[in-house]
Amino acid sequence: MKKARFKVDELESDIFKITGLEATVGNFYEEWEETPGPTPMPDISTFRDWDRILLNKYKPFYLPLCDLCCLCTMGKCDLSKGKKGACGLDMAAQQSRIVLLSCAIGAATHAGHGRHMVEELISKFGSDYPLDVGGLSVLVEAPHTRLVTGIKPRTLGDLEDVLDYVEKEITHLLSCCHTGQEGDNLDFESKAFHAGMIDHVGMEVCDLAQISAFDFPKADPEASLVDIGIGSIDTSKPVILVIGHNVPPAAAIFDYMEDSGLEDSIELTGICCTALDLTRYTNKAKIAGPLSHQLRFIRSGIADVIVVDEQCIRADILDEAKKVNAPLISTNYKNFQGLPNRTNDPIDEIVSDLVEGRSPGVVILDSDKAGEAAVRIAMGVFPKRKKLGIIPEEGEIIEYAMKCTKCLSCQRVCPNYLPLPEAMEAAANGNLQPLSDLYESCIGCVRCEGEGVCPNNLKLHSMIIGASRSKIKDEKFKVRVGRGAISDTEIRRVGGPIVMGEIPGVIGIVGCSNYPGSWKDNAIMIEEFLKRRFIVTTTGCAAMNIGMYKNEDGLSLYEAYSGAFDAGGLVNCGSCVSNPHISGAAIKIASIFAKRKLNSNYEEIADYIHNRVGAVGISWGAMSQKASSIASGFWRLGIPIIVGPHGSKYRRALLGRKDKDEDWYTIDARTGKRVYTGPAPEHLFISVETKEEAMTLIPKLCIRPNDTTKGRSIKLNHYIDLHKRFYGAMPDDIQLFVRTMADIPITMKDEILEILKEKDWKESEVPAPDPTLLPRLVRKRGG
Amino acid sequence: MAAEPWQRYEIPGPIKAAVIKNPEMVSILLKKAKKPVFIVGHEAAEIDLGGKKPIDHIIRIARATNIPVVTTAHTMAEFLKSGFKPAASMTSMDIGNRLTDPEWSVSGEDDPHDLALILGMTYYVGFVIEAGLKSFAFNHLKTVSLDRYYQPHCNWSFPNLSIEEWDRHLTIIAQEIEKK
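These numbers were taken from a predicted model, which means no experiment stands behind them.

**Q** What is the right way to look at the overall build of chain A in this model?
**A** In terms of regular secondary structure, chain A is built from 27 helices and 23 strands. Over its C-alpha trace chain A gives a radius of gyration of 27 Å, about what one expects of a compact globule, namely 28 Å for 783 residues. Projected onto the principal axes, the alpha-carbon positions of chain A cover approximately 95 × 80 × 60 Å. Counting only residues that meet the buried cut, chain A has 65% of its 783 residues in that class.

Pasting the structure below:
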């Protein structure tokens, strides 16, 4: 961005005289080589037609979590069985409104994080600080920002203008959720897509800023490997635990440790995305684990000080910290926790109050001050706390288990209905193994310990952790540090094989740790596709959990597979706000490889991606509103997303109907003719119940109309092979994906030919169209 | 056990499933239905009923009535191992979505389904899919949960049952149907 500056040494007229005037006026964005496309700074209405094209193929199937609407004081209203609420809204519109609300919350959370980050970094480094996410290897540094807004950001200051746009759109989107606004479910859905698109811009801003200012790895496929797991933490030292998503306070802790020569005397560890981003700042930090590890780590007493910033922090963190005498420092106004704001107090007083136990915690909104305080407090409380924990020993667990009445209450409030009563029965008889077996499937929500749930007030989560001591001790793994962007060079190398289908797919495995079963399922699924030479990208808690698994050679998948964006590569992009590097890779394939215009040209790029880039996202443990807005950003680009069974509670799926031939026509841009291209991809958003089901669906959702015969053959081979393995039979829809004989995997030819004959299959007349859903992209009008 | 949602916090709304007190009632519903369909999820192949599994009952019922079975998740493999070929296999979302279509049937040729028996989906997934059917298929489809636990969004559901009671209920349904 440039500003017009002028200077007047002296100007004199009849009525005034000016001397030494200097002024700056307005914002002028430096023009880039591309002229602007049709849609700079789109508003809610701009892509409504595109959204309708997608929503016509992938119609919403609504899954009401509750029959009632409770949002206004005319209610509650029962919307079931065709009824409308007092405001006139029906069930479909209400469910889609909740989807929009969730996406708007998610987008606002990332944008708010981005604003916080950018403001702090500008105050430290100045608004002219240059953005650099990969030097000359990443010339398309901000694919989303360029695509959506038309701004090519060069400095931290430029990002403020991008955020102005993002915040304006989010305000409008949120306003649409108010009573008496939108009434049509598909328009709500379109707005949810808008929120997703905006969210990817907001996240991109955040990661561009932190990569540049903190000098994180820059598109480095060989970013270092760091320790992950509770067992990797040296408990003989003072331990500082950071939780959340906003890394500046955590970075300041390390800076102070280093400046004080204490970097080897204190363990700095973290949970959730702050931990991931901290390891991008220093590979001396360790990751304790994902979101689900919060309580088990705190209750273990290992942390001497807990420092929180924002997002995914337990609302009862102060209560839990008090139980183990660990002082709590809140560093962010989004999360005061009822603590006094001591930002402006003398640091010696703050440190003294917390070390001496006069206060359980404080708010310090200055990162550097919080960093210093955390280190000094950790050193001060370490000899006093003596790692006080509240995890019961074996004998205590057995004693508590004997009090269990097998009322089943704990199981009935558990999100995964884990068999706690059976495990308690075994524990009462001295066998702690069944309790320990629950360790990897427990998401750490402690609903089982809720007031009035257990008649004997047993602390079941702590009992699971206590029964898993040896497991926790061995919880030592390696995770590759988030590398940030995918380089332009990598895009050039793999763009062709992806678009032609010869690399069978790009998988993005992301999201939270709200798994339906063991966290290891994430890694087991992904290992299968790494062996099959898919490209696997990852971020957030999913990236951590993939690391918390060892293959048959005793290696974590990050040790076993390359970090390059290439066939068989496992690419950890970083934290939640690094997700736009995954969607951005798809954009960059259209822009760099296919040379489609990037500047303000969203619709065409999305059309390209939807029809050509065999990408699929999977969020096996999706929990948050942020996860929904991240998914929504993929939907508008036409990229399908699979969620685990808990994802059904997002209240709707976007499903294709492969049995309706008329839904699967695209336009051949060469001739303008409508061509049947099959259900490719079949769905845009779907929840599945088992990992076997997800693994079969992944290669199928990578099929695209543009696949070459070789590419289609490879994709079908993976789909059919996995279907046979898990379903015990050939799939029943092969005929929909075979366009010509050349599409048939050679090793399955006889079996497939038999099916095609049975289904009366006929070869496609146009097996290789130039597929588009946008009539304006037709180069020659035809029938 | 009482007719309340198995997962305590899955509270539905004012309209809740009628409780199936006598399993014989299911055979009557089946007899009255013009075009029933049986939706079977993965838990039907995983739960041990003391040497047998729910799919063993389902196969008996399906063979006696010729009711088409649609399996969800990867349940199909277990049916095939037992020598029974389901009419279709699809995700639970797909079958839920198709059942909201008043013109859809498994065969693609017959009248649409008017009764869906449901067993074996993950509890909370079944909960939301059945809520979807309650609000978007209520004009043409009745739903019956044969799960072990009360599913409030169906038209009829078993109450929460012990394993032994559930096994007995499923056995009675199969026996009643085989009598006819």
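**Q** Sorry, what's going on with the pairing of strand β8 (residues 267-271) of chain A here?
**A** On a regular strand, one side chain projects to one face of the sheet and the next to the other, so that they alternate. All names here are of chain A. With 5 of 5 residues buried, β8 is to be regarded as a mostly interior element. Here β8 shows two buried faces, one formed by Glu267, Thr269 and Ile271 and the other by Leu268 and Gly270. For the crossover that starts at strand β7 (residues 239-243), traverses helix α6 (residues 248-259) and ends in the parallel β8, the hand is right-handed. Two elements, β8 and strand β9 (residues 286-289), share 3 bridges in a ladder whose sense is parallel. Following the sheet pairing, Thr269 is matched in β9 by Lys286. Note on the crossover from β8 through helix α7 (residues 273-281) to β9: the handedness is right-handed.

**Q** What exactly am I supposed to notice about the packing of helix α2 (residues 54-65) of chain B against helix α6 (residues 163-179) of chain B here?
**A** The angle between the axes and the distance between the axes are what describe a pair of packed helices. All names here are of chain B. Remark: α2 packs on α6, axes separated minimally by 9 Å, with the N-to-C direction vectors making an angle of 15°. In this view, α2 runs roughly parallel relative to α6, as classed from their interaxial angle. Crossing angle aside, the handedness with which α2 passes α6 is left-handed. Where α2 abuts α6, its residues Pro54, His57, Arg60, Ile61, Ala64 and Thr65 lie against Trp166, Asp167, Leu170, Thr171, Ile173, Ala174, Gln175, Ile177 and Glu178.

**Q** I tried to follow the domain arrangement of chain A on my own but got confused; where do I start?
**A** In many analyses, interface size is given as the accessible surface area lost on bringing the parts together. Once the domains are mapped, chain A shows domain 1 (1-30), domain 2 (48-65 + 89-214), domain 3 (230-385), domain 4 (394-458) and domain 5 (477-777). Computed from C-alpha atoms alone, the centre-to-centre distance between domain 2 of chain A and domain 4 of chain A is 42 Å.

**Q** Honestly, the sheet that holds strand β21 (residues 674-676) of chain A in this entry has me stumped. Any pointers?
**A** In any sheet, the strands associate via hydrogen bonds between backbone groups, in a parallel or an antiparallel arrangement. Residue and element names in this part refer to chain A. Ordered by their spatial adjacency, 3 strands build an open sheet running β21-β20-β23, and the pairing between neighbours is antiparallel. Edge positions in the open sheet fall to β21 and β23 (771-772), since each of these has one partner strand only. Relative to β21, strand β20 (residues 665-668) runs antiparallel, the two being bridged by 3 bridges. When the bridges of β21 are listed, Ile667 appears paired with Arg674.

**Q** Looking at this structure, I do not really get the interface of chain B and chain A. What am I missing?
**A** At the junction of the two partners, chain B supplies 48 residues and chain A supplies 53 residues. The contact between chain B and chain A buries some 4100 Å² in all, and 57% of this surface belongs to carbon and sulfur atoms. Three residues, Trp6(B), Met93(B) and Tyr124(B), lead the burial of chain B against chain A; their summed loss comes to 17% of the area buried on that side. For the interface between chain B and chain A, the tally reads 5 salt bridges. A salt bridge links Asp67(A) to Lys134(B); the shortest N-O distance between them is 2.6 Å. Linking chain B with chain A are 23 residue pairs in polar contact (both at pLDDT 80 or more), by the criterion used here. Of all elements in the fold, only α3 (76-81), α4 (92-99) and α5 (123-136) of chain B reach the threshold of two or more residues within the side of chain B that touches chain A. For the side of chain B that touches chain A, the element with the highest residue contribution is α5(B), accounting for 11 residues. Each residue belonging to the side of chain B that touches chain A can be placed in one class, and the counts come to 23 nonpolar, 17 polar and 8 charged.

**Q** Sorry if this is basic, but what is going on with the packing of helix α10 (residues 347-355) of chain A against helix α11 (residues 367-385) of chain A here?
**A** Residue and element names in this part refer to chain A. At a minimum axis separation of 9 Å, α10 and α11 run at an interaxial angle of 35°. For the crossing formed where α10 meets α11, the hand is right-handed. Across the interface between the two elements, Ile347, Asp348, Ile350, Val351, Leu354 and Val355 from α10 touch Lys369, Glu372, Ala373, Arg376, Ile377, Gly380, Val381 and Lys384 from α11.

**Q** Explain the sheet that holds strand β18 (residues 641-643) of chain A to me, please; I cannot follow it from the model alone.
**A** All names here are of chain A. Here 8 strands make up an open sheet; going across it, the order is β3-β19-β22-β18-β17-β14-β15-β16 and the pairing mixed. The outermost strands of the open sheet, each flanked by one partner alone, are β3 (59-62) and β16 (570-574). Each neighbouring strand pair of the sheet contributes to a mean axis angle of 25°, computed without reference to strand direction. Here β3 pairs with strand β19 (residues 652-655) via 4 bridges, running antiparallel. The partner of Tyr62 across the bridge, within β19, is Arg652. The strands touched by helix α24 (residues 625-636) within the sheet are β18, β19 and β22 (683-687), with β18 carrying the most contacts at an inclination of about 150°.

What counts and what doesn't
Residues numbered from 1 in each chain as written. Chains lettered and ligands numbered in written order. Predicted model: local features only at pLDDT ≥ 70, side-chain atom pairs only at ≥ 80, totals over all residues. Heavy atoms only, no water. Helix = DSSP H or I, 4+ residues; strand = E, 2+ residues; numbered from the N terminus. Rg over C-alpha atoms; globule rule 2.2 N^0.38 Å. Buried < 20%, exposed > 50% of the residue type's maximum accessible area, 1.4 Å probe, protein only. Right-handed = clockwise from strand over helix to strand, strands pointing away. Pairing = 2+ DSSP bridges. Axes fitted to C-alpha atoms, helices over the stretch in contact; angles between N-to-C directions. Parallel < 35°, antiparallel > 145°, perpendicular 65-115°, else oblique. Left-handed = near helix turned anticlockwise from the far one by under 90°. Contact = heavy atoms within 4.5 Å. Domains from an automatic or database assignment. Buried area = accessible area lost by both parts, 1.4 Å probe. Salt bridge = Lys/Arg side-chain N within 4 Å of Asp/Glu carboxyl O. Polar contact = N/O pair within 3.5 Å; in protein donor to acceptor, adjacent residues only side chain to side chain. Nonpolar A, V, L, I, M, F, W, Y, C, P; charged D, E, K, R; others polar.

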